[in-house]
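Descriptive structure summary
What follows is the residue order along each chain.
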Amino acid sequence: MSSKVISFPPPGTGNSQCQLKFVDFEDHENHNSHETDGLSKKHLVVRRGKPFKVTLLFTTQTWNPHRESLVLEVWLGNRSERIPVQFSEERYNPYSWSAKIYPGDVHPQSVRVHICSPVQSSVALYDLVLHIETRQSRRSYRLGEFVLLCNPWLKDDPVYIPLDAQIQEYIKSDYGVVYMGTPHQNNSRPWSFGQYEPGVLEACLMLLEVSPQHRRDENKDYIRRADPVYLSRVICAMVNCNDDKGILDGRWHGNYEDGVNPTEWSGSADILHRWVSSNCSPVRYGQCWVFASVLCTVMRVLGIPSRVVTVFNAAHDGDGNLKIEEYYSNTGEKLNLSKDSIWNFHVWVECWMRRGDLGAEFDGWQVVDPTPQEKSAGVYWCGPCPVVAVRQRCLGAPYDTSFIYASVDADIIKLILQGWKEVSRVLDRESVGQLIYTKSIGSDAPENLTGTYKSKKGKTRSSMVCICVMSQHDARSERTTPGSSSSGGMSAGLEVSLSIDGVPSVGESISMCVTVTNRSSSPRLLEEHLNAQIKEFNSNPEQSFWKSYKEVRIQPCEVLTLQHTISPSEYESVLADDDIVNMAVVINDVRTEERFLATQEFSMSSSQITIEIEGGDSIQMNKEHTAQVSFINTFTKTLDGAVLTVEGSGLLQGKHKARMVLLQPGEKIEKTVTIVATSAGTKLLMATFSHSNSTKVVSRSFHKVSVTAA
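Just so you know, these numbers come straight off a predicted model, no measurement behind them.

Here the focus is the packing of aromatic side chains. Under the counting rule described, the total for this entry stands at 18 aromatic pairs. Judged by centre distance (6.5 Å) and plane angle (25°), the ring pair of F58 and W63 falls under stacked. Both residues of the pair, F58 and W63, belong to the buried class. Both rings, one in F312 and one in Y437, keep their centres 5.9 Å apart while their planes meet at 90°; by these two values the pair is edge-to-face. Here F312, found in strand β17 (residues 306–316), pairs with Y437, found in strand β25 (residues 435–439); they are 125 residues apart in sequence, far enough to count as distant. Y437 shares its class with F312; the two are buried. A connected cluster of aromatic rings, assembled from ring pairs, spans F52, W97, Y126 and F146. Of note, K100 hangs over the ring of Y92, and the distance from its end group to the ring centre comes to 5.7 Å. When the ring centre of W365 is taken as origin, the NZ or CZ atom of R307, which lies over that ring, is 4.0 Å away.

So this is what it looks like as structure tokens:
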């Protein structure tokens, strides 16, 4: 990366005999040395605390170090620092700027200078100026710009992470996996972080420049950008647009026609490009995994190790009392009466850094959650919160630890109402944060992080406190539920549980089993109410689509098994690929009027779309390759208006569709596309299938493509 320099001699100073002609930023060697290759074609990108090289090429006059001094000056905003260029073989001072010339670096008409920044320099775009000075004169040259990033390879950097495998996964990898669904039936979808896509680094720098902190006080912001704690908090707020010119607008319900349905995103680069091209107008729309994945991209670009984390059964505790209340009718229908909620899954980011503001015991992974849920200090940002503080219940540790703790360890109070009167209450201490996943290093398999957030010993203590408080509230109706796959109701004489048979698939019947155990010495007449409702992952259920009622008798010490089936014709018009089913059973003892609740939530698996690339999944840049995409109708009925859609950022322009007026059972719809990769890295092909009988996407598949330079 050579640069034509611009000279600006002060009036009346005259010219020194030696004049600068060009500067060579030696981008190839510097980018390889600093592990920044591919991040930018516009700028030299280097890491703080590590020397980088520039070569100065002079005009016909040779530079004479005995007569002329070289002084570099780095500018950040309206602040600058002069760096005398010295002949030296001494080690670099990690706390100040330095510029050195080593023996062998001086040649006729050129000199190589080694520049090193302080290890805790600010992350930003800098200007570099050269002064050639004598006692009588000075000539100055604007050499160009360079970008300075965090350095996780350097022990003195607060983001240092020790293992090479961690750096490869949490900094250099441009590919990730997001886990979704429910704790007992989860699935994964790939995500392209896209940090090597053209313009992504520049978008991340722009994000910092348009932040409220920078606009309020540019100098203060530049100074504080040396701290990853500050950086992560500012970026967290900027990923959502609620308080600022942030990247993403969130929408969780309703119509997405004026934007992009969050389920259709498969990578960060497209989102960042749209934000920049729209003059920092928010991109529509995001949900938790989109917010988190974009944040992860920005953090990796800036040099902060980061990973996307999914919490299954995450609590949204709006009032901060560490309790979530859920309400059910006496027929098992879940009611929308609480401001609190349980999300089937919620996705946030963990960033690795030292916490100099808290002490070494809080170093390591920090939760940073950009999804706008609740304000913190008047702003929609959350974190960085030390994971170890959550596990140790240090709820006062900054930032937002109590909210994160509730997300993974709150208690659920399930109440059955008859009219507006509470007739039964169940305490569930185990379901929230039941499973916490991230992508394993070097593998798409999940790594279980639950133990890093939750201490069984600590949970027991909190549960005892909760039981004590609630017993004072209503000692007669308090019950606890065992830690099982479903929430079950029990008393001294009766136990109720609900289980789903296998993994329900779209187009097949849903089978479930209600088990009632009578441990008393008396027979009972029971009413069984079953209720099935559709819900989105982050909301309470909608109206019921299936109900069942029957009366049953159970004898003393009998175990009663009640089988139920929902046929495809009873759900096909309402259920689709992303939907979750909330199933609940209420057993009513007719004589005692006791009621027992058991619940289970599950998602439907759909028929997979097949994606095959001719010649394999590793392709060369700028060369045409053929991809074959197909879907087979596994439904028992003919589908009207079948549409198979294929798209892929960095592989295809726009959306490519195949259509069939009628798709018979067992019949295939297929589409052949030609893909051309415009840049190296990991890309994703995405295919969706829909039909006019359903308003939603019926099936969605992703395919990872590795692109190498030609």
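Next, the rest of the story.
Bringing the nonpolar core into the picture now. Across soluble globular proteins, nonpolar side chains have a tendency to be buried as a group. I235, I271, W289 and L302 are the most contacted members of the largest nonpolar core, which has 71 residues in total. The leading source of residues in this core is helix α8 (residues 288–302), at twelve residues. Beyond its immediate chain neighbours, meaning those up to four positions away, L302 contacts V123, L149, C150, C204, L208 and I235. L494, A642, L644 and L652 belong to the second-largest nonpolar core, a separate cluster that totals 57 residues.

Now for the pairing of strand β5 (residues 52–58). The buried count for β5 comes to five of seven residues, which makes it a mostly enclosed element. Here β5 pairs with strand β10 (residues 110–116) via six bridges, running antiparallel. Residue pairing for β10: K53 is matched across the bridge by H114.

Right, let's talk about the environment of P228 for a bit. Along the chain, P228 falls in helix α6 (residues 228–239). A relative accessible area of 1% means that P228 is categorised as buried. Separated by 78 residues in sequence, P228 and C150 have C-alpha atoms that sit 8.4 Å apart. Residues within four places of P228 in sequence aside, it is in contact with R48, P158, V159, I304 and M353.

Attention now moves to the sheet that holds strand β42 (residues 699–708). Taken in spatial order, the five strands of this open sheet run β36-β42-β41-β38-β39, and their pairing is mixed. Edge positions in the sheet fall to β36 (618–620) and β39 (656–663), since each has one partner strand and no second. Put simply, the sheet's adjacent strands are angled 25° from each other on average, direction ignored. As judged from the seven bridges shared by strand β38 (residues 639–647) and β39, these two strands associate in the antiparallel manner.

Time to look at the sheet that holds strand β18 (residues 323–329). Pairing is mixed in the open sheet, where four strands are placed in the order β19-β18-β23-β24. The open sheet has two edge strands, β19 (334–335) and β24 (421–428), and neither has a second partner. Note that β18 and β19 share two bridges and pair antiparallel. Its bridge partner being in β19, Y328 is matched across the sheet by K334.

Our focus in this paragraph is the pattern of salt bridges. Summed over the entire model, instances satisfying the criterion amount to 25 salt bridges. For the salt bridge of R112 with E26, the shortest nitrogen-to-oxygen distance reads 2.9 Å. Highlighted residues: R112 in strand β10 and E26 in the loop between β3 (20–24) and α1 (27–33), separated in sequence by 86 residues. Linking D409 and K454 is a salt bridge whose minimum nitrogen-to-oxygen distance equals 3.5 Å. In this pair, D409 is assigned in helix α10 (residues 401–409) and K454 in the loop between α11 (450–453) and α12 (456–474), connecting sequence segments 45 residues apart. The exposure classification of D409 matches that of K454, with both residues buried. Counted as one network, the salt bridges with shared partners bring together E26, E29, K53 and R112.

α8 packs onto helix α3 (residues 200–209) with a crossing angle of 100° between their chain directions and a minimal axis gap of 10 Å. Classified by the angle between their axes, α3 and α8 sit roughly perpendicular to one another. Contact residues: α3 offers V200, L201, C204, L207 and L208, while α8 offers T297, V298, V301 and L302. Grouping the constituent residues of the contact of α3 with α8 by class yields eight nonpolar, one polar and no charged.

Parameters at a glance
Residues numbered from 1 in each chain as written. Predicted model: local features only at pLDDT ≥ 70, side-chain atom pairs only at ≥ 80, totals over all residues. Heavy atoms only, no water. Phe/Tyr/Trp six-rings, centres within 6.5 Å; stacked < 30°, edge-to-face > 60°. Buried < 20%, exposed > 50% of the residue type's maximum accessible area, 1.4 Å probe, protein only. Helix = DSSP H or I, 4+ residues; strand = E, 2+ residues; numbered from the N terminus. Lys NZ or Arg CZ within 6 Å of the ring centre and 35° of its normal. Core = buried A, V, L, I, M, F, W, Y, C linked by side-chain atoms within 4.5 Å. Contact = heavy atoms within 4.5 Å. Pairing = 2+ DSSP bridges. Axes fitted to C-alpha atoms, helices over the stretch in contact; angles between N-to-C directions. Salt bridge = Lys/Arg side-chain N within 4 Å of Asp/Glu carboxyl O. Parallel < 35°, antiparallel > 145°, perpendicular 65-115°, else oblique. Nonpolar A, V, L, I, M, F, W, Y, C, P; charged D, E, K, R; others polar.

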